[in-house]
Amino acid sequence: MFWKIFLLIICIVGIIYIILLKNKYQNDTSFTKENIIKYFKDNNITSLERGIKPKDLPRKIIKNPYLLMMVQDKTLSFKKGKYYLN
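Parameters at a glance
- Residues numbered from 1 in each chain as written.
- Predicted model: local features only at pLDDT ≥ 70, side-chain atom pairs only at ≥ 80, totals over all residues.
- Heavy atoms only, no water.
- Patch = residues over 30% accessible without salt bridge, like charges linked within 9 Å, V, L, I, M, F, W, Y side chains within 5 Å.
- Areas by Shrake-Rupley, 256 points an atom, 1.4 Å probe, with all protein chains shown as cover.
- Salt bridge = Lys/Arg side-chain N within 4 Å of Asp/Glu carboxyl O.
- Helix = DSSP H or I, 4+ residues; strand = E, 2+ residues; numbered from the N terminus.
- Buried < 20%, exposed > 50% of the residue type's maximum accessible area, 1.4 Å probe, protein only.
- Pairing = 2+ DSSP bridges.
- Phe/Tyr/Trp six-rings, centres within 6.5 Å; stacked < 30°, edge-to-face > 60°.
- Core = buried A, V, L, I, M, F, W, Y, C linked by side-chain atoms within 4.5 Å.
- Contact = heavy atoms within 4.5 Å.

1. Comments concerning a nonpolar patch on the surface
Part 1 of the argument: A surface patch of nonpolar side chains, about 600 Å² in accessible area, is lined by Phe-2, Trp-3, Phe-6, Leu-7 and Ile-10.
Part 2 of the argument: You can see Phe-2 is positioned in helix H1 (residues 2-27).
Part 3 of the argument: Among the residues examined, Phe-2 registers a relative accessible area of 59% and is labelled exposed.

Listed below in structure tokens is the structure:
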């Protein structure tokens, strides 16, 4: 019984965290999103032949949760194992 309550609390906290992170992402026009876009523009990673593999991205961009949200809202695309700026 204790484990069921514990797992329920963990799931609720996880869902609240995801909602708060998504709201923060949608309202944030500062440093992180702009730096990711700037990195893609500076390295000319916009065309389909010039995509970048995740292992070739800088560590600070890979660890950034905004990267996946940018794919979700179509700012970036992920095709054939590479990221592209739309």
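Anyway, onward from the coordinates.
2. Points about the pairing of strand S1 (residues 76-79)
Part 1 of the argument: Of the pairings in the sheet, the one linking S1 to strand S2 (residues 82-85) comprises four bridges and is antiparallel in character. By the bridge assignment for S2, Lys-79 is matched with Lys-82.
Part 2 of the argument: Remark: two residues form the turn of the hairpin made by S1 and S2, two consecutive strands paired antiparallel; Lys-80 in that turn has positive phi of roughly 55°.

3. Regarding the packing of aromatic side chains
Part 1 of the argument: Counting across every chain of the model gives five aromatic pairs.
Part 2 of the argument: Consider the rings of Trp-3 and Phe-6, whose centres lie 6.0 Å apart with planes at 90°: the pair is edge-to-face. Separated by three residues within a single helix, Trp-3 and Phe-6 lie in helix H1, roughly one turn from each other.
Part 3 of the argument: Judged by relative accessible area, which is 60%, Trp-3 ranks as exposed.

4. As for the environment of Asp-56
Part 1 of the argument: Structurally, Asp-56 can be placed in the loop between helix H2 (31-42) and helix H3 (59-62).
Part 2 of the argument: Relative accessible area serves as the criterion here: at 44%, Asp-56 is assigned to the partly exposed category.
Part 3 of the argument: On a C-alpha basis, the gap between Asp-56 and Lys-82 in space is 9.7 Å, while along the polypeptide they are 26 residues apart.

5. Some points on the pattern of salt bridges
Part 1 of the argument: Applying the stated criterion across every chain yields a total of one salt bridge.
Part 2 of the argument: The residue Lys-38 makes a salt bridge to Asp-42 at a minimum N-O spacing of 3.0 Å. Here Lys-38 pairs with Asp-42, and both are found in helix H2, just four residues apart, close to one helical turn.
Part 3 of the argument: Exposure remark for Lys-38: the relative accessible area of 48% places this residue in the partly exposed category.
Part 4 of the argument: On the basis of relative accessibility, which here comes to 54%, the residue Asp-42 falls in the exposed class.

6. Re the nonpolar core
Part 1 of the argument: If you look at the biggest cluster of nonpolar residues, it comprises 12 residues: Ile-36, Ile-37, Phe-40, Ile-52, Leu-57, Ile-61, Tyr-66, Leu-67, Met-70, Leu-76, Tyr-83 and Leu-85.
Part 2 of the argument: Those elements giving two or more residues to this core turn out to be H2, helix H4 (66-72) and S2.
Part 3 of the argument: Those residues in contact with Leu-76 that lie beyond four places of it in its chain are Ile-36, Phe-40, Leu-67, Met-70, Val-71, Tyr-84, Leu-85 and Asn-86.

As far as function goes, none of this settles anything; it's purely spatial.
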